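So you can see what is in the structure, the chains are spelled out below.
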Amino acid sequence: MKDQPPNIRDRDAPEIRQLDDAAVNRIAAGEVVERPASAVKELVENALDAGATRIEIDIAAGGKSLIRVRDNGCGMTPDQLPLALSRHATSKIDGSDLLDIHSFGFRGEALPSLGAVGRLTITSRAGAQEAAVIHVEGGDQGPVKPAACNRGTTVELRDLFFATPARLKFLRSDRAETQAISDVVKRLAMAEPFVGFLLRDVTGQQERVSFRAEPQSGELFDALNGRLSQILGREFTENAVPLDAERDGLHLTGFAALPTYSRGSAVAQYMFVNGRPVRDKLFYGALRGAYADFLSRDRHPAVALFVDCDPHLVDVNVHPAKSEVRFRDPGLARGLIVSGLRHALANAGHRASTTVAGATLGAMRPEQTEPRVYQMDRPRLDRPGPAARQAAYQAQSPGFAEMAQSYSARVEPAPMREESPHELEEPVPHHPLGAARAQLHENYIVAQTETGIVIVDQHAAHERLVYERLKRQAAENGIAAQALLIPEVVELSDTDCALLLEHADTLSELGLTLEPFGGGAVAVRETPAILGEVNAEALLRDILDELHDLGQSAQLRERIDAILSRVACHGSIRSGRRMQADEMNALLREMEATPHSGQCNHGRPTYVELRLSDIERLFGRT
């Protein structure tokens, strides 16, 4: 530790000085321009605010030596170029209402900050006006000169942080900085599906396209689906459900992946507020709450969510880089996200991720991939019938029938019945999970569908069905409360006590009854009966931690759901039980009618679907 505290009490009072513009801009650049990706973000956002429909970004050495952003926006006139390099000069707001913001930028700090720490050149042309160029180096601004360019603006930034060499030491490798730039561009491309983006790495003598996204057309949902396919991959959009929910002025849209399409980290979670990419703890807390029932804690959902609202309902001016926002009613925003996600996932029914089948097929490696012609495939008029073939098999392997009895596999014959002409006219019911045909190892049901086969984990599937039934019963009948013989008194601070009592009604619905006990104390009179013996103080402090962090607590609900999940596990069909055909089919029909039945309580798939075309490909039939 330092011997002297970092204050000036023991020294002569220093003289207060007005910093020059160069120092002011360098300080501002430290807040706005953290790394090359920050500079790219500011310049691309300026291009979007200018109405550009195509934006090209060139970088070199991870953006340290060159960043060039070219757009076809409205451009600037020669007399506006010097003004654009002045601090707090902007065309996006008039200053009368700092909440009525409809653009990405509004402070007017980006260009002067970049000019203070690098070599900045702006070339622009507005409509039929003459093109002009201006150059700034380390804060020293040059004159406006005539130039030649098409309509739009080109901003070129070279030698970032050359005026502040100490900042260069804190930058990461060129590869890491390039990856950060790519992430920024992709996030902005998600927010603007009707704009084309091109990111090139021009380091050295080679030019490499790092990212390309062509402008989309059509309805917003179709355009967004196409753009997300370009950025996150077609697998995401194939395994995601659309969202469209609205509540009290907030409108939520986007796509959320099925729980079985989960990731090992939170790298595929994107949120946008009024088109602005944000990272907000409220958003991550709402995501965790919405998927808590479907994913284990080491798995993370993949989502792209867009919240649109009146600008007065959200404050975007709470962070220097505008990467965080503050809603006027955080509880409303969180509730909309949680309910919107849960409703969309419930509408998905029994769907499971197609990547599960892909992984299954990938594990099956045929010895030979070239198509082969089998004897059975050759047309023959004298092919023996089933009875003759069976007799031949018995003759070739007389002990096979007896040996098969020791294996745990059973085949259910297809139901055969005589049908009248009137019955043939009746439509055959469509069953997505097909009809049960066999049971393997007393744990896996094999069903035949119209397009292939389905393999079901009977224990995992029934566990989910029982769990959903228990949750439905708890919601209809309420959580039974258990009165304590002697109320447990928990001492808290006055602030924590007041915060906890604000949510007393919500906690009471879950079986936890609280009453004030004077000062900062709280008396716990009832606890949820399903939890058994409860450490009331530890439970209240866990709830308080979530209330302080997220403004809302799901701690009690998660504990209750964990008990219900455990009960469902013990009350479901066990592995090793032989099931009859009607039991297996009944399980399949209930899965089709139950939301979230495509994954177990831990996020693992309950079934795998293999299409006939994929199976034929495994055997070289295509």
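Residues numbered from 1 in each chain as written. Predicted model: local features only at pLDDT ≥ 70, side-chain atom pairs only at ≥ 80, totals over all residues. Heavy atoms only, no water.

S.K.: For the overall build of the chain, give the residues involved together with the corresponding values.
M.R.: Within the chain one finds 21 helices and 24 strands. Residue burial in the chain is summarised as follows: out of 622 residues, 45% are buried. Of all intrachain contacts in the chain linking residues separated by at least 6 positions in sequence, the fraction that spans at least 24 positions is 70%. As presented, the chain carries roughly 33600 Å² of accessible surface, and 51% of it is formed by carbon and sulfur atoms. (Helix = DSSP H or I, 4+ residues; strand = E, 2+ residues; numbered from the N terminus. Buried < 20%, exposed > 50% of the residue type's maximum accessible area, 1.4 Å probe, protein only. Contact = heavy atoms within 4.5 Å. Areas by Shrake-Rupley, 256 points an atom, 1.4 Å probe, with all protein chains shown as cover.)

S.K.: Can you tell me about the packing of helix α9 (residues 281-291) against helix α10 (residues 330-347), naming the residues and giving the values?
M.R.: Their axes nearest at 9 Å, the elements α9 and α10 cross at an angle of 35°. For the pair α9 and α10, the crossing hand works out as right-handed. Along the contact surface, α9 presents Leu282, Gly285, Ala286, Leu287, Gly289, Ala290 and Tyr291, while α10 presents Pro330, Ala333, Arg334, Ile337, Val338, Leu341, Arg342 and Leu345. Taken together, the residues that form the contact of α9 with α10 break down as eleven nonpolar, two polar and two charged. (Axes fitted to C-alpha atoms, helices over the stretch in contact; angles between N-to-C directions. Left-handed = near helix turned anticlockwise from the far one by under 90°. Nonpolar A, V, L, I, M, F, W, Y, C, P; charged D, E, K, R; others polar.)

S.K.: Summarise the environment of Ser217; cite the residues concerned and give the values.
M.R.: Of note, Ser217 is situated in the loop between β9 (208-213) and α7 (220-232). What makes Ser217 exposed here is its relative accessible area of 60%. When the C-alpha atoms of Ser217 and Val195 are compared, they prove to be 9.6 Å apart, with 22 residues separating the residues in sequence. In this structure Ser217 touches Phe194 and Ala223, once residues within four positions along its chain are discounted.

S.K.: Tell me about the pattern of salt bridges, and please be specific about residues and values.
M.R.: As enumerated under the stated definition, the model contains 25 salt bridges in all. Close ionic contact of Arg200 with Glu56 constitutes a salt bridge, the shortest N to O distance being 3.2 Å. Here the residue Arg200 occupies a position in strand β8 (residues 196-201), and Glu56 occupies one in strand β1 (residues 54-60), the gap between them amounting to 144 residues. Across the pair Arg469 and Glu590 runs a salt bridge, and its minimum N-O distance is 2.6 Å. Separated by 121 residues along the polypeptide, Arg469 in helix α15 (residues 458-477) and Glu590 in helix α20 (residues 581-593) bring together distant segments of the chain. Classification of Arg469 as partly exposed rests on a relative accessible area of 28%. Exposure remark for Glu590: the relative accessible area of 28% places this residue in the partly exposed category. Each member of the salt-bridge network shares a partner with another, and the members are Glu56, Asp58, Arg68, Arg70, Glu156, Arg158, Arg200 and Glu207. (Salt bridge = Lys/Arg side-chain N within 4 Å of Asp/Glu carboxyl O.)

S.K.: I'd like a description of the nonpolar core, backed by residues and values.
M.R.: Within the largest apolar cluster, 60 residues are counted, with the highest numbers of intra-cluster contacts made by Val44, Ile55, Ile57, Leu120, Ile122 and Phe197. In terms of residue count, the dominant contributor to this core is helix α6 (residues 174-191) (eight residues). Ignoring anything within four residues of it in the chain, the contact list for Ile55 reads Val44, Ala47, Leu48, Val69, Arg70, Asp71, Val195, Gly196, Phe197 and Leu198. Core analysis: the next-biggest nonpolar cluster, separate from the first, contains 36 residues, Leu287, Tyr291, Val325 and Leu332 among them. (Core = buried A, V, L, I, M, F, W, Y, C linked by side-chain atoms within 4.5 Å.)

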